[in-house]
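Here is what each chain is made of, one letter per residue.
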Amino acid sequence: MKVYFDTCEQQIPLYLRLDTRHLWPEIQQALGLDHKKHAPIAAAIYENSLAGSATSYSRRNVPARNGDCNGILTRKNIIGCVDRLEQLGFVENMVQCPGGRGWRSAARGNNALALLMQTIIPDTGSIPFVMPQRAAIIRDADGQEIPPTNRAAFERIEKPIWAVNEMLQGTDIRDGKGFDIRTPMRRVFNRDTHHGGRLYGMGSIGWQNIPRDERHDTTINGEPTIELDFKAIHPHILYSERGHPIPSDCYDVGNWPRDLVKLALLVLINAETLGEVVTVLANSDGEKITRDEEGGIIDVTTERRLMKQIAGNDYSKAMAFAHKLVQDVKDHHAPIADDFHTGAGIRLMNKDSEIAMHVLTSLTKMGEPVLAVHDSFLVRSSVKDKLEEVMHHAAAKAGLMNIKIEAKTRH
């Protein structure tokens, strides 16, 4: 067991993406596992190792959520399986220390695990993925799942997501290395069905949690893909609600670095207090931190020009710059400034998720697979024009006229 504090190595959250249940007895016997329910966990760790990533998991004593893979991903099963795999010499088990910057524990499969599993699962792409118990959930402020107040209405919300998942399940979706990156989608609401509601791939390998540049190599049924993106969708929604035209460039503010203005506008829309905004900006260091749904860090990259790059290590200067930046952004976006640092983001996510569902439902009815990354979408390159048409229609239906749609390019 290796105890560690942090690493910049990519981690993938533990989730049972592929339905390997018909192989559980064989996996259990081949690996010498104590329980049959350890087999799918071992398979998930192996699957992530194929992508060159460790699998993050939690050793904390927290209640399991409904839908955590049909009761398999309990703390007892996870820890029992990982510790047994370590004892057998199949994984490197890295257990997190308290105060480790939010990094969770992680297990990395080795060659011995790969050699045994490859004889049982030669091509993961031939295995159907696990359908979730529910296609949408509501979480409270503590992240715990809560029941909907109207079950029948909630099932109507879930119905189109089941259709999308059935389409994805029967589609060949691969990354540039040829690895199967299919994953079921689930909408996650916050507190009620009027807040949040974005679509998330359910853990493990998937197009949402691979680096942006690698998404460009994604194929759907063997054909290259293109990713189209709504530009500045949340500012656009706010301007539309206020009845004002949106600036031609939301991020062209004075002489401030564009990346820093983009972060400032994002935080101003999502934060609940001005103090939170200033603190985030003053401490922004150019690191892009990718977290899983439980807050564990998956990946860290340093790629943007933020406050650390212009204020150095002088925190008093960084705070002064942050205050000035906030005021400049407010002046530039005066028509919507009243919505800043009010926590509006969670409400806006509900609107962009409705737009996303319109896009997914429309293309699914046409028999065309589409991969959602919140407010951007991947389709086969030959379907680009149809996707753009559907996106404009979905935006117009939500009251967003003339919103820009652009193809995402490599950095």
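For the structure given in this document, a descriptive report is provided here. (Residues numbered from 1 in each chain as written. Predicted model: local features only at pLDDT ≥ 70, side-chain atom pairs only at ≥ 80, totals over all residues. Heavy atoms only, no water.)

## Observations regarding the overall build of the chain
Rules: For the purposes of this entry, the term helix denotes a DSSP run of H or I that reaches at least four residues, the term strand denotes a run of E that reaches at least two, and both are numbered from the N terminus. The rule is simple: take the accessible area with a 1.4 Å probe, protein chains only, and divide by the maximum for that residue type; under 20% is buried, over 50% is exposed, in between is partly exposed. We call two residues in contact when some of their heavy atoms are within 4.5 Å. Values of accessible area rely on a 1.4 Å probe in the Shrake-Rupley scheme; residue burial ignores everything except the protein chains shown.
For the chain, the helix and strand inventory stands at 13 helices and 17 strands. Within the span of the chain, comprising 411 residues, buried residues form 50% of the whole. Sequence separation of 24 or more characterises 72% of the internal contacts of the chain that already satisfy a separation of 6 or more. Accessible surface computed for the chain: about 18600 Å², of which carbon and sulfur atoms make up 50%.

## Comments concerning the pairing of strand E9 (residues 185-190)
For clarity, the cut-off: Two strands make a pair as long as DSSP finds a minimum of two bridges between them.
For E9, the buried fraction is high: five of the six residues fall into the buried class. Strand direction decides the pairing type here: strand E6 (residues 136-139) and E9, joined by four bridges, are parallel. Across the sheet, the residue bridging to Ala136 is Arg187, located in E9. As paired elements, E9 and strand E10 (residues 192-201) share six bridges and run antiparallel to each other. Note that in E10 the partner of Arg187 across the bridge is Leu199. Counted along the chain from E9 to the antiparallel partner E10, the turn is one residue long, and its residue Arg191 has a positive phi close to 75°.

## Some remarks on the pattern of salt bridges
When the charged atoms of two side chains with opposite charge come close together, those side chains can pair. Note the threshold: By definition here, a salt bridge exists when the distance from a side-chain nitrogen of Lys or Arg to a carboxyl oxygen of Asp or Glu is within 4 Å.
Considering all chains together, one arrives at 24 salt bridges under this definition. Among the ionic pairs, Glu368 bridges to Arg380, the shortest N-O distance being 2.7 Å. Pair noted here: Glu368 is in the loop between helix H12 (345-365) and strand E15 (371-373) and Arg380 is in strand E16 (residues 376-380), with a separation of twelve residues, a long-range link. Residue class for Arg380 comes out partly exposed when judged on its relative accessible area of 22%.

## Some points on the environment of Arg21
As a reminder, the rule being used: Throughout this description, a polar contact denotes any pair of N or O atoms lying within 3.5 Å of each other; where both atoms belong to protein, one of them has to be capable of donating a hydrogen while the other can accept it, and for residues adjacent in sequence the pair is counted only when both atoms sit in side chains.
Within the secondary structure, Arg21 sits in the loop between strand E2 (11-13) and helix H1 (24-31). For Arg21, a relative accessible area of 47% translates into the label partly exposed. Placed 18 residues apart in sequence, Arg21 and Ala39 show a C-alpha to C-alpha distance of 8.3 Å. Reaching out from Arg21, the side chain makes a polar contact with the side chain of Asp19 at a distance of 2.7 Å.

## What about the nonpolar core?
Rules: Buried Ala, Val, Leu, Ile, Met, Phe, Trp, Tyr and Cys residues form a nonpolar core when they are joined through side-chain atoms within 4.5 Å.
Core analysis: the biggest nonpolar cluster contains 114 residues, and Ile27, Leu31, Leu85, Ile121, Phe230 and Phe377 have the highest contact counts within it. With residues up to four places along the chain from it excluded, the contact list for Ile27 reads Leu33, Ala39, Ala43, Met117, Ile120 and Ile121.

## As for the packing of aromatic side chains
Selection rule: By convention, a stacked pair of Phe, Tyr or Trp rings (six-membered ring in the case of Trp) has centres within 6.5 Å and planes under 30 degrees apart, an edge-to-face pair has planes over 60 apart, and any other such pair is tilted.
In the structure shown here, the tally under the stated rule is three aromatic pairs. Measuring from ring centre to ring centre gives 6.2 Å for Trp256 and Phe321, while their planes differ by 80°; the resulting arrangement is edge-to-face. Taken together, the residues span a long stretch of sequence, with Trp256 in the loop between helix H7 (233-242) and helix H8 (258-270) and Phe321 in helix H11 (residues 315-332) at a distance of 65 residues. Residue Trp256 is classed as buried on the basis of its relative accessible area, which comes to 15%. Accessibility expressed as a relative area gives 30% for Phe321, which makes it partly exposed.

## A few points about the packing of helix H2 (residues 39-50) against helix H4 (residues 111-120)
Inclusion rule: Angles run from 0 to 180 degrees between N-to-C directions of axes, and those axes are lines fitted to C-alpha atoms, restricted for helices to the stretch in contact. An angle counts as roughly parallel when it lies under 35 degrees, as roughly antiparallel when it exceeds 145, as roughly perpendicular when it falls between 65 and 115, and as oblique in every other case. Here the nonpolar group is Ala, Val, Leu, Ile, Met, Phe, Trp, Tyr, Cys and Pro; Asp, Glu, Lys and Arg are the charged ones; every other residue, Gly included, is treated as polar.
Close contact between H2 and H4 brings their axes to 10 Å; oriented N to C, the two are set at 105°. When the axes of H2 and H4 are compared, the pair comes out roughly perpendicular. Packed against H2, whose contacting residues are Ala43, Ile45, Tyr46 and Leu50, the element H4 presents Leu113, Ala114, Met117 and Gln118 at the interface. The residue makeup of the contact of H2 with H4, split by class, is seven nonpolar, one polar and no charged.

## Describing the sheet that holds E10
Across a sheet, strands are paired by hydrogen bonds formed along the backbone, either parallel or antiparallel in direction. Pairing within the open sheet is mixed, and its four strands lie in the order E7-E6-E9-E10. On the outer flanks of this sheet lie strand E7 (145-146) and E10, each paired with one strand and no other. Together, E6, E9 and E10 form the strand contacts of helix H5 (residues 151-169), whose direction differs from that of E9 by roughly 150°.

## Some thoughts on the environment of Ser58
The topology assignment puts Ser58 in the loop between strand E3 (54-57) and helix H3 (75-87). Distance in space between the C-alpha atoms of Ser58 and Ile79 is 8.4 Å, their sequence separation being 21 residues.

## Re the environment of Thr342
With respect to the helices and strands, Thr342 occurs in the loop between H11 and H12. Take Thr342: its relative accessible area is 46%, and that puts it in the partly exposed class. In this structure the C-alpha to C-alpha distance between Thr342 and Ile269, which are 73 residues apart in sequence, comes to 7.3 Å. Discounting residues that sit within four places of it in the chain, Thr342 has contacts with Ala271 and Glu272.

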